Amino acid sequence: MKKILVINGPNLNLLGEREVEIYGKTSLEDIESETIKFAKINKIDVEFKQSNEESEIINWIQSCMKNNYKGLLINAGAYTHTSIAIMDALKAIENIPIIEVHLSNIHQREEFRKKSYISEVADGVIFGFGAHSYILAIMAIENLLKKKNG
Ligand code: DQA
């Protein structure tokens, strides 16, 4: 089975409790199990990770090729809007589709959320669908992989 890595950045471990009016009541664990279930139907093996630390996220991105992941989904949380280091790590990835994911519609919120360093590098972006953004991102990556590998 194709392996896909899903990286979640800072504060996403608090999903379900944190600003529920924006992010919804679903926990990250529930998003993980729903995403894994959906991916399995599409013969994709998903590994979920979450960290509040920029360096850990960068190390996971760097190990993507070595670990034979075929795709990368990333919700970098607030690092989306600040981290040139994460953007550079993503730039170093070759031949692996990258989808940027957000639960909220980052263009309907504060001005500072409109800038995404991840978008500079991602093949595509999915945002604004709450927990369902992750399922849509799996569909998107599946489609990109089909186009790439036939
Ligand atoms: C987020 C949007 C970011 O602006 C915010 O800092 C988050 C979550 C989202 O999924 O909507 O932590 O990435």
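This text follows the structure it describes.
These numbers were taken from a predicted model, which means no experiment stands behind them.

On to the site of the ligand, then. The full set of residues close to the ligand is Arg18, Tyr23, Asn75, Gly77, Ala78, His81, His102, Leu103, Ser104, Ile106 and Arg113. At 2.7 Å, a side-chain N or O of Asn75 approaches an oxygen atom of the ligand. Between the ligand and the protein, one listed contact pairs an oxygen atom with a side-chain N or O atom of Ser104 at 2.6 Å. Notes on the ligand: free accessible area 320 Å², of which the protein chains cover 99%. In terms of residue class, the shell around the ligand is built from four nonpolar, five polar and two charged.

With respect to the secondary-structure elements, Ser119 resides in the loop between β4 (98–102) and β5 (124–127). Considered as a pair, Ser119 and Thr80 are 39 residues apart in the sequence and their alpha carbons are 8.4 Å apart. When neighbours within four sequence positions are excluded, Ser119 is seen to be in contact with Glu100 and Val125. Of note is the side chain of Ser119, whose polar atom sits 2.6 Å from the side chain of Glu100.

The rules we used
Residues numbered from 1 in each chain as written. Predicted model: local features only at pLDDT ≥ 70, side-chain atom pairs only at ≥ 80, totals over all residues. Heavy atoms only, no water. Near = heavy atom within 4 Å. Polar contact = N/O pair within 3.5 Å; in protein donor to acceptor, adjacent residues only side chain to side chain. Areas by Shrake-Rupley, 256 points an atom, 1.4 Å probe, with all protein chains shown as cover. Nonpolar A, V, L, I, M, F, W, Y, C, P; charged D, E, K, R; others polar. Helix = DSSP H or I, 4+ residues; strand = E, 2+ residues; numbered from the N terminus. Contact = heavy atoms within 4.5 Å.

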